[in-house]
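Overview (structure and organization)
The primary structure of each chain is shown beneath.
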Amino acid sequence: MSERFHREIDEYLADLARRRREAWPDVGEPTIDYPFGESTVTHYVRSWAAQRPDHAAIVHHGRTLTYAELDRLSDRVAAYLAHRGFVPGDRAAVMMPNCPQFIIAFFAILKAGGVHVPVNPMFRREEINYELLDSEATFAFILDEVAPEFRAGCEGTAVTEIIASANTDFLPEGGDLPRGMAADVPVAQDTTRFMSVLERDDLPVPRDPDDPHALAALNYTGGTTGMPKGCEHTQADMLYTALTGGQLGFGGGADAVSLVFVPVFWIAGEDAFLVSLVNGGTCVLHYRWDAEAVLRSIDEHAVTAMAGTVDNYLELLDVAKDSGLSLASLRSPVTMSFVTKLTVEIRERWARETGAPGILRESSYGMTEDHTLDTFTLGLQGDDADLRGRPGFTGLPMPGTDVAIVDFTTGELVPVSEEGQIIVRSPSMMRGYHRRPEATAETLRDGWLHTGDIGTIDETGALHYLGRTKEMLKVNGMSVFPSELEHLFSRHPAIAACGVIGVADPRRGQAPVAFVQLEQGARGEVTAEDLLTWCRDHMAPYKIPRIEVIDEMPLAPTGKVSKVGLEKLASSMGPR
C-alpha cells in the first residue's frame with residue numbers, strides 16, 4: 001500500500017467510526033462479549049454441555065441431540081481419530097450434506113487438533129481429487145450415497161481411512177425420508193462405520209487444542225485463475241464470527257432456535273450452525289430446502305431465526321396460506337437477494353401475512369477469506385432506508401472489523417459515497433491461501449483483505465456492495481467460477497479451447513455458458529449433447545453450463561480468450 005494510504009488511514013477510520021457511532025442502532029454497545037473467554041469453539045460447546053446438558057443442540061427431522069450428546073459423541077470420534085494415528089495438524093475431509101454426522105465430525109476433528117476440510121457432496125471425482133490432493137487429507141467422513149464418486153476421487157491421494165455413515169443413521173426409525181434424500185443406498189464397502197465409532201467408549205479422549213490461532217479449517221473458494229484455493233482459518237476466526245453474528249441479530253443466544261438449510265459444507269452454512277451452537281441455542285438442521293417441511297419446523301419448534309433467499313421467503317408465504325401453521329415466531333428473518341431482490345413491498349407482505357416481530361432484512365457482506373459476516377443490518381431498517389437508498393446496502397461493520405474503499409488502480413482511499421474496491425481488516429481474516437503464497441500476497445496486504453469487489457460507504461458509514469469485479473457467477477445463489485469450468489473442460493481430449501461467461505437467467509439469476517472450440521479431428525464427431533453428458537460425469541449439477549460449439553474462439557490482443565467477444569456471441573444467440 002502507498003505511503004499516502006498509511007498517512008491517511010487513521011484519520012479515515014476515525015471519521016467512519018464517528019459516523020457509525022451516530023448511526024448505531026438500538027442493539028447494545030458496539031463491543032463483543034466472550035462469555036467463556038477468547039478460546040476455541042470446542043471449549044464453548046463443552047461449556048454449554050456442562051451448563052445445560054439437556055438443552056437441544058441439534059434437531060434433525062424428528063431426532064434431537066442435546067449438548068451433552070453432541071459433546072460426548074464428538075469426543076468419541078476424536079478419540080477414535082487419535083487412536084488411529086491422527087495427530088494435531090492432520091487434515092480430515094468431510095463430504096456430507098446437512099446432517100448431524102457432519103457437525104459431530106466437525107467438532108471431533110477440531111477436538112483432535114486437526115484441520116477440517118469440507119468437500120461439496122455434489123462434487124465429481126476430478127473436483128474431489130483436486131481438493132484431497134491440495135489439502136493433503138488423510139482421513140475422510142462420507143455418507144454412503146457419495147461413496148462411489150469419492151472412492152474414484154481418492155485415487156492417488158493420502159487418504160488412508162474412510163469413515164462412512166448411512167443417511168438414515170440420525171433419523172427416527174420408521175419416519176419419512178426428507179425430500180431429496182436417497183432411499184435404499186448400498187452400504188459403502190471397506191469403510192469404517194460411523195455408528196460403530198460412536199459406540200466405542202474405551203478410548204482416551206485427546207486434550208483439546210490450547211491455541212485458538214492454530215490452523216483448524218481449509219474452506220475452499222474459487223478464483224479468477226486456476227482451481228479453488230483453500231482459505232486457512234482458525235478456531236479464533238470461527239469464534240469471532242459466531243459471537244458477533246449471534247450478538248448482532250443472526251439468531252444467536254441461548255434462547256434462540258435457528259433453522260439451517262443452507263449447505264453446511266459452505267462457509268455460510270458453517271457460520272449458521274456455529275452461530276447457533278457457540279451461543280448455546282438450538283440448531284434445527286434441515287437436509288435441504290423444502291418449504292413445507294421448513295414451515296412445519298418453524299411452527300413446531302418456534303423457530304426464531306433463519307437465513308434464506310428472497311425466493312425462499314416468498315415460497316414460505318405461499319405454502320403458509322390456509323395451512324393453519326404459523327411463522328409468527330421469527331424475530332430474525334435474514335435474507336439474501338440472489339435472484340429476486342428484497343423490496344419494500346415484499347417486506348410489507350412478510351410483516352402483514354406472518355405477524356412476526358422480525359423485519360425481513362438483508363444479511364451481511366463477507367467472503368470465504370474473512371469468514372463472511374463482516375457487517376450487520378440489525379436495527380437499520382428505519383423508514384425502509386436500507387431499501388429505498390442506494391442499492392447493495394449491507395450495513396455497518398461488526399465490532400472489531402474495519403472496512404474501507406480504495407481506488408482499484410492507485411490503491412488510494414476514496415471519499416465517502418464514491419465507488420472503489422472494498423478492503424477489509426477483520427479478526428476472522430484467513431491466514432492465507434493454502435500453498436498459494438503469490439495469491440496470498442496479492443490478496444492480503446498490510447493486514448487488509450483486497451476483495452476485488454466494488455462498493456461504497458455512505459454518509460452513515462454503512463457499506464454498499466455493488467458487484468464483483470471477479471468473474472464469479474451466482475447460479476441459484478451458488479458460486480460458479482468460469483475459470484474452474486474452463487480448467488475442467490481442458491481435460492476433455494476433443495476440446496481445443498473453451499471460454500465460460502455468465503448470462504442473466506430469470507429463474508436462476510445467472511447461468512454459465514461455455515463456448516467450446518473442438519480439435520480439428522473432433523469437428524462433426526462430437527456434439528454439444530455429447531459434451532453435456534461428459535459434464536454430468538465431471539462436475540456438480542449446478543455448474544453444468546449451456547454449451548455452444550463455435551468454429552473459432554475470439555481472442556484478445558494478449559492471446560487470451562476475449563470475454564467481451566464471448567458476451568457478443570451470447571447476445572447474438574439469444575435466450576434458450
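Residues numbered from 1 in each chain as written. Predicted model: local features only at pLDDT ≥ 70, side-chain atom pairs only at ≥ 80, totals over all residues. Heavy atoms only, no water.

**Focus on the overall build of the protein chain**
Counting its secondary structure elements, the protein chain contains 17 helices and 26 strands. For the protein chain, whose C-alpha radius of gyration is 24 Å, the value lies close to the compact-globule estimate of 25 Å for 576 residues. With the principal axes as the frame, the protein chain shows a C-alpha extent of 65 × 60 × 55 Å. The burial tally for the protein chain puts 57% of its 576 residues in the buried class. Taking all contacts inside the protein chain whose residues are at least 6 apart in sequence as the whole, residues at least 24 apart take part in 70%. Accessible surface, the protein chain: about 23500 Å² in total, of which carbon and sulfur atoms supply 49%. (Helix = DSSP H or I, 4+ residues; strand = E, 2+ residues; numbered from the N terminus. Rg over C-alpha atoms; globule rule 2.2 N^0.38 Å. Buried < 20%, exposed > 50% of the residue type's maximum accessible area, 1.4 Å probe, protein only. Contact = heavy atoms within 4.5 Å. Areas by Shrake-Rupley, 256 points an atom, 1.4 Å probe, with all protein chains shown as cover.)

**Observations regarding the environment of Val424**
Structurally, the position occupied by Val424 is in strand E18 (residues 420–425). With 20 residues separating them in the primary sequence, Val424 and Leu444 have C-alpha atoms 9.6 Å apart. Once residues within four sequence positions are removed from consideration, Val424 is found in contact with Tyr365, Asp370, Asp374, Thr401, Asp402, Val403, Met429, Gly447, Trp448, Leu449 and Thr451.

**With respect to unusual backbone geometry**
The phi dihedral of Asp190 falls on the positive side, at around 55°, and the residue is not glycine. Relative to the assigned elements, Asp190 resides in the loop between strand E6 (161–165) and strand E7 (192–193).

**Let's talk about helix H3 (residues 67–83)**
Between the first and last C-alpha of H3 there are 24 Å, a value that for 17 residues agrees with the 24 Å anticipated at 1.5 Å per step. Residue Gly85 follows H3 closely and has a positive phi angle near 95°. (Expected span 1.5 Å × (residues − 1).)

**Looking at the sheet that holds strand E11 (residues 282–285)**
Sheet strands pair via backbone hydrogen bonds, and the direction of the pair is either parallel or antiparallel. The strand order across the open sheet built from seven strands is E2-E1-E11-E10-E12-E13-E14, with neighbouring strands paired in mixed fashion. With partners counted over all chains shown, the strands left at the sheet margins are strand E2 (63–66) and strand E14 (361–362), one partner each. Direction of pairing for strand E13 (residues 332–336) relative to E14: parallel, over a ladder of two bridges. Counterpart to Thr335 in the pairing with E14 is Glu362. Running at roughly 80° to E2, H3 makes contact with strand E1 (56–60) and E2 of the sheet. (Pairing = 2+ DSSP bridges. Axes fitted to C-alpha atoms, helices over the stretch in contact; angles between N-to-C directions.)

**With respect to the side chain of Asn167**
For Asn167, the location among the structural elements is in the loop between E6 and E7. A residue is classified by how much of its surface remains accessible, and Asn167, at 8% relative accessible area, is buried. A polar contact is formed between the side chain of Asn167 and the side chain of Glu145, at a distance of 2.9 Å. Among the polar contacts made by the side chain of Asn167, one reaches the main-chain carbonyl oxygen of Ala182 at a distance of 3.0 Å. Ignoring any residue separated from it by four or fewer positions in sequence, one finds Asn167 in contact with Leu143, Glu145, Met181, Ala182 and Val185. (Polar contact = N/O pair within 3.5 Å; in protein donor to acceptor, adjacent residues only side chain to side chain.)

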